[in-house]
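Structure assessment
Residues per chain are reported as follows:
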Amino acid sequence: MVNNTAGYVLSTALTIVVYDVVTHLDEEIDYLVRSRSNFMKALFVLCRYLPFIIGALRIYEVVGEGHIDNNLCLVLFRSSLWFSFLQMACVEFIFILRTYALWGCNRRVLFCLLAAYLATCVTDITSLQIYAGALPADACYGSANPGVSWLLVSFVALISLEIGLFGMSMYRVLSQHRAASGQLLKSFVRNSIVYFGASVALNILNIVGILLIPVATWPTGIMEIAQILFQGLLATHMQLDLWKVDRREAEPTIVTMSMTEFAAERSDVEMRPQHFEAATES
């Protein structure tokens with residue numbers, strides 16, 4: 001029953017991702033061609049297309065028991081965990097950079113953001129290593145992993161980071177709402193609220209599932225994958241949305257800057273609408 005449910009969840013999530021990529025392909029191409037920040041384009045591509053690698057690694061969830069050897073299945077399971085971590089690390093780093101830009105590229109803020117980000121990554125790597133190491137030989141189709149509580153640690157670390165990022169972003173927006181306004185900032189706030197709400201809901205769903213539902217009936221691994229796929233989808237949507245708003249509102253006299261150029265300009269000037277517009281390029 002668990003594997004059937006997991007297969008349905010994975011198939012549905014991947015179908016949504018494929019549909020979204022196909023329907024927004026022209027916007028993605030425009031973004032990748034016109035954007036000047038290669039680093040942000042790399043993050044975008046990873047967040048956008050890693051789900052297909054993760055889905056391929058979890059194919060055993062769809063085909064069912066008996067079609068893939070247990071040893072191979074265990075390798076695929078562990079590999080999917082680390083690819084999932086890579087995608088989530090890219091997603092969260094996008095929001096680290098957005099928060100950094102919103103705070104005027106302040107170096108002290110950057111230090112705090114990177115410290116929190118690295119602490120979360122170390123916690124997640126440690127907990128996932130223990131979780132993956134405790135996987136039984138029949139982890140794909142057999143009993144639940146006895147180390148599942150360590151997966152709970154990674155969820156708590158993730159939601160803690162996201163609450164911090166959201167709080168810093170909203171505080172900055174509210175404290176600077178008179179100095180900076182416009183459609184671009186409104187779009188940033190709207191997308192941040194949607195992403196934060198969806199992320200918290202998915203994290204709570206996984207945490208409650210692990211704590212309250214018997215481990216033999218809760219598809220822990222696949223619900224983690226579904227959360228990561230949808231958060232990656234939301235993050236790339238936010239990136240595209242900010243890009244479109246910036247391109248639509250930019251006047252010919254406004255020079256679009258990369259994150260590096262924006263940081264150099266922003267260090268000497270208090271946040272104004274045109275500087276915030278520049279951050280969307282990165």
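Please refer to the structure higher up on the page.
Just so it is clear, the model here is predicted, and its values are computed rather than measured. (Residues numbered from 1 in each chain as written. Predicted model: local features only at pLDDT ≥ 70, side-chain atom pairs only at ≥ 80, totals over all residues. Heavy atoms only, no water.)

Section: the overall build of the chain
In plain terms, the rule: Secondary structure counts use DSSP, requiring at least four H or I residues in a row for a helix and at least two E residues in a row for a strand, with both numbered from the N terminus. The buried label goes to any residue with under 20% of its type's maximum accessible area, the exposed label to any with over 50%, and the partly exposed label to all in between, with areas taken from a 1.4 Å probe on protein chains only. Two residues form a contact once any of their heavy atoms are found within 4.5 Å. Per-residue and other accessible areas follow the Shrake-Rupley method at a 1.4 Å probe size, with only the shown protein chains counted as cover for residues.
When helices and strands are counted, the chain shows 11 helices and zero strands. Residues counted as buried form 52% of the 282 residues belonging to the chain. Once local pairs closer than 6 in sequence are excluded, the contacts in the chain between residues at least 24 apart make up 80%. In the structure as shown, the chain presents an accessible area of about 13,000 Å², 66% of it carried by carbon and sulfur atoms.

Observations concerning the environment of Leu43
With respect to the element layout, Leu43 can be found in helix H3 (residues 38-57). Leu43 gets classed as buried once you look at its relative accessible area, which sits at 6%. In this structure, the C-alpha to C-alpha distance between Leu43 and Cys90, residues 47 residues apart in sequence, is 5.8 Å. Residues within four places of Leu43 in sequence aside, it is in contact with Cys90, Phe93, Ile94 and Leu97.

Concerning empty space enclosed by the protein
Worth spelling out the cut-off: With a 1 Å grid spanning the protein atoms alone, the term cavity applies to any set of points in which a 1.4 Å probe fits but cannot get out, the term pocket to an open set with protein on both sides within 12 Å along at least five of seven lines, and the term lining residue to any residue with an atom within 4 Å of a point. Grid points are joined across faces, edges and corners, and a volume is the space filled by probe spheres set on the points. Polar here means any residue other than Ala, Val, Leu, Ile, Met, Phe, Trp, Tyr, Cys and Pro, which are nonpolar, and Asp, Glu, Lys and Arg, which are charged; Gly is therefore polar.
This model, assessed by the stated rule, comprises two cavities of 30 Å³ or more. For the largest cavity, the calculated volume is near 200 Å³. In terms of lining residues, the largest cavity is bounded by 17 residues, among which Phe85, Met88, Asp124, Ser154 and Leu158 are the most central. Going through the elements one at a time, helix H5 (70-102), helix H6 (107-133), helix H7 (148-175) and helix H9 (220-249) are the ones with two or more residues in the lining of the largest cavity. Among the residues forming the lining of the largest cavity, the class breakdown is 10 nonpolar, four polar and three charged. In this structure, the second largest cavity encloses a volume near 120 Å³. As for the second largest cavity, its lining consists of 12 residues, of which Phe95, Glu162, Leu165, Phe166 and Tyr195 are closest to the centre. For the lining of the second largest cavity, the secondary structure elements donating two or more residues are H5, H7 and helix H8 (183-212). When grouped by side-chain class, the residues that make up the lining of the second largest cavity number six nonpolar, three polar and three charged.

Re the packing of aromatic side chains
A ring pair, where both rings are aromatic, is described by two values, the distance of the centres and the angle of the planes. What counts is decided by this rule: When two rings of Phe, Tyr or Trp (its six-membered ring) have centres within 6.5 Å they constitute a pair, described as stacked for plane angles under 30 degrees, edge-to-face for angles over 60, and tilted for the intermediate range. Placement of a charge over a ring requires the Lys NZ or Arg CZ to be within 6 Å of the ring centre, with the centre-to-atom vector within 35 degrees of the ring normal.
Counted under the stated rule, the structure contains six aromatic pairs. Relative to Phe44, the ring of Tyr31 has its centre 5.0 Å away and its plane inclined at 50°; by these criteria the two rings are tilted. Note that Tyr31 is positioned in helix H2 (residues 25-34) and Phe44 in helix H3, a separation of 13 residues in sequence. Both residues of the pair, Tyr31 and Phe44, count as buried. Taken together, the ring pairs in this structure connect Phe39, Phe93 and Tyr117 into an aromatic cluster. Sitting over the face of the ring of Trp103, Arg172 holds its NZ or CZ atom 5.1 Å from the ring centroid.

Side note on the pattern of salt bridges
Note the following rule: What counts as a salt bridge is simple: a side-chain nitrogen of Lys or Arg found within 4 Å of a carboxyl oxygen of Asp or Glu.
Taken as a whole, this structure holds three salt bridges when the rule is applied. Its salt-bridge partner being Arg48, residue Glu28 comes within 2.6 Å of it at the nearest N-O pair. One end of the pair, Glu28, is in helix H2; the other, Arg48, is in helix H3, with 20 residues separating them in the sequence. Like Arg48, Glu28 is buried.

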